Amino acid sequence: MPAPAHVLIAGGGVGALEALLALQHLAGARVRVSVLTAGRYLTYRALSVAEPFGGEPAQRHEWAAIAADRGVRWVPDQLTAIRPDAREVATRDGAPEPYDALLLALGARPETALPGALTFAGARDVLAVGEALRALPRDGARRRAVFVAPPGVGWTLPLYELALMTARFAADAGLLLEVQIVTREDAPLGIFG
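Cut-offs used in this document
Residues numbered from 1 in each chain as written. Predicted model: local features only at pLDDT ≥ 70, side-chain atom pairs only at ≥ 80, totals over all residues. Heavy atoms only, no water. Helix = DSSP H or I, 4+ residues; strand = E, 2+ residues; numbered from the N terminus. Contact = heavy atoms within 4.5 Å. Polar contact = N/O pair within 3.5 Å; in protein donor to acceptor, adjacent residues only side chain to side chain. Patch = residues over 30% accessible without salt bridge, like charges linked within 9 Å, V, L, I, M, F, W, Y side chains within 5 Å. Areas by Shrake-Rupley, 256 points an atom, 1.4 Å probe, with all protein chains shown as cover. Salt bridge = Lys/Arg side-chain N within 4 Å of Asp/Glu carboxyl O. Pairing = 2+ DSSP bridges. Core = buried A, V, L, I, M, F, W, Y, C linked by side-chain atoms within 4.5 Å. Buried < 20%, exposed > 50% of the residue type's maximum accessible area, 1.4 Å probe, protein only. Expected span 1.5 Å × (residues − 1). Arc of directions from axis to C-beta.

A. Here's a closer look at the environment of Leu42. Tracing the sequence through the fold places Leu42 in strand β3 (residues 41-43). Note: C-alpha distance between Leu42 and Arg124 (82 residues apart in sequence) is 14 Å. Those residues in contact with Leu42, other than ones at most four positions away along the chain, are Gly12, Gly13, Val14, Leu17, Gln59, Arg60, His61, Trp63 and Ile66.

Have a look at this one:
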């Protein structure tokens, strides 16, 4: 029987975990898996939208524990380059990591879409959103909060969640806050059909 192929998964989010589980389920002993993550934790970012409104912090799980549980090798480092001819990746702090197959699960890179607007990219922005909510004037004047998904954003559900939670926060606080959502969708939640 040939040696198992070495699959290197680069990425530290839910996509990387899903890839790991799928590989193990579908390929079993035919693959040997390593997971290269830039961070120590897998954070379920989707739940971070509730934090500015008093919700529980997003769940975090240590990659070392996940790797040990799944029987795979964890490489705590950052991918800096792919060298396909050598079948290896370069890392920031360690030696090159070889692979037979490379699976990139790098996720999206949050960036500011509108200058001056508050961008929400998960746990890193919870404090800023919470401060913005607490800073809303309580002078009885009507205000407006606009939630914008710029072109190219394919998953707008977190935008709707933030908008709805902001509307609820304002109503509970007795604020006159009009909440608007701007997306490229033809209808609200159009991405879902």
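Here the narrative resumes.
B. Layout of the side chain of Asp125. Among the structural elements, Asp125 can be located in the loop between β9 (101-104) and α3 (126-134). At 2.6 Å, the side chain of Asp125 and the backbone nitrogen of Ala121 are in polar contact. Non-local contacts of Asp125, meaning those with residues more than four positions away in its chain, are made with Thr119 and Phe120.

C. How the structure looks around a nonpolar patch on the surface. On the surface, a cluster of nonpolar side chains totalling about 280 Å² of accessible area is made up of Leu114, Val146, Val148 and Val182. Checked against the element boundaries, Val146 lands in strand β10 (residues 143-148).

D. Representation of the sheet that holds strand β7 (residues 88-91). Spatial ordering of the open sheet is given by β6-β7-β8, a layout of 3 strands whose pairing is antiparallel. The outermost strands of the open sheet, each flanked by one partner alone, are β6 (79-83) and β8 (97-98). Of the pairings in the sheet, the one linking β7 to β8 comprises 2 bridges and is antiparallel in character. Paired with Val89 across the two strands is Glu97, which belongs to β8.

E. Region of the structure containing the nonpolar core. Grouped together as the largest cluster of nonpolar side chains are 16 residues, with contacts concentrated most on Ile9, Leu20, Val33, Val35, Trp63 and Val72. Among the elements of the structure, β1 (5-10), α1 (14-27), β2 (31-37) and α2 (63-70) are those that each provide at least two residues to this core. Per element, the largest residue contribution to this core is 5 residues, and it comes from α1. If we skip the residues at most four places from it in the chain, Ile9 touches Ala16, Ala19, Leu20, Leu23, Val33, Ser34, Val35, Leu36 and Leu103. Residues Val49, Ala145, Leu162 and Leu175 belong to the second largest nonpolar core, which totals 10 residues.

F. Summary view of helix α4 (residues 157-172). For α4, spanning 16 residues, the distance from its first C-alpha to its last is 22 Å, which sits close to the expected 22 Å at 1.5 Å a residue. Within α4 the residues assigned to the buried category are Leu159, Tyr160, Leu162, Ala163, Thr166 and Ala170. Here the buried residues of α4 occupy an arc of 165° about the axis, which is enough to place them on one side. Exposed residues on α4 whose side chains face more than 90 degrees from its buried face are Leu164, Arg168 and Asp172. Buried-residue contacts for α4 involve α3, β10 and β11 (177-182). Of the residues flanking the end of α4, it is Gly174, one or two places downstream, whose phi is positive at about 75°.

G. Representation of the environment of Gly140 in the model. If you trace the backbone, Gly140 turns up in the loop between α3 and β10. Residue Gly140 is classed as exposed on the basis of its relative accessible area of 57%. Sequence-wise, Gly140 and Leu176 are 36 residues apart; in three dimensions their C-alpha atoms are separated by 6.7 Å.

H. Expanded view of unusual backbone geometry. Phi angles above zero are rare outside glycine, and Arg87 is one such case at about 55°. Its place among the elements puts Arg87 in the loop between β6 and β7. Judged by relative accessible area, Arg87 falls into the partly exposed class, the value being 42%.

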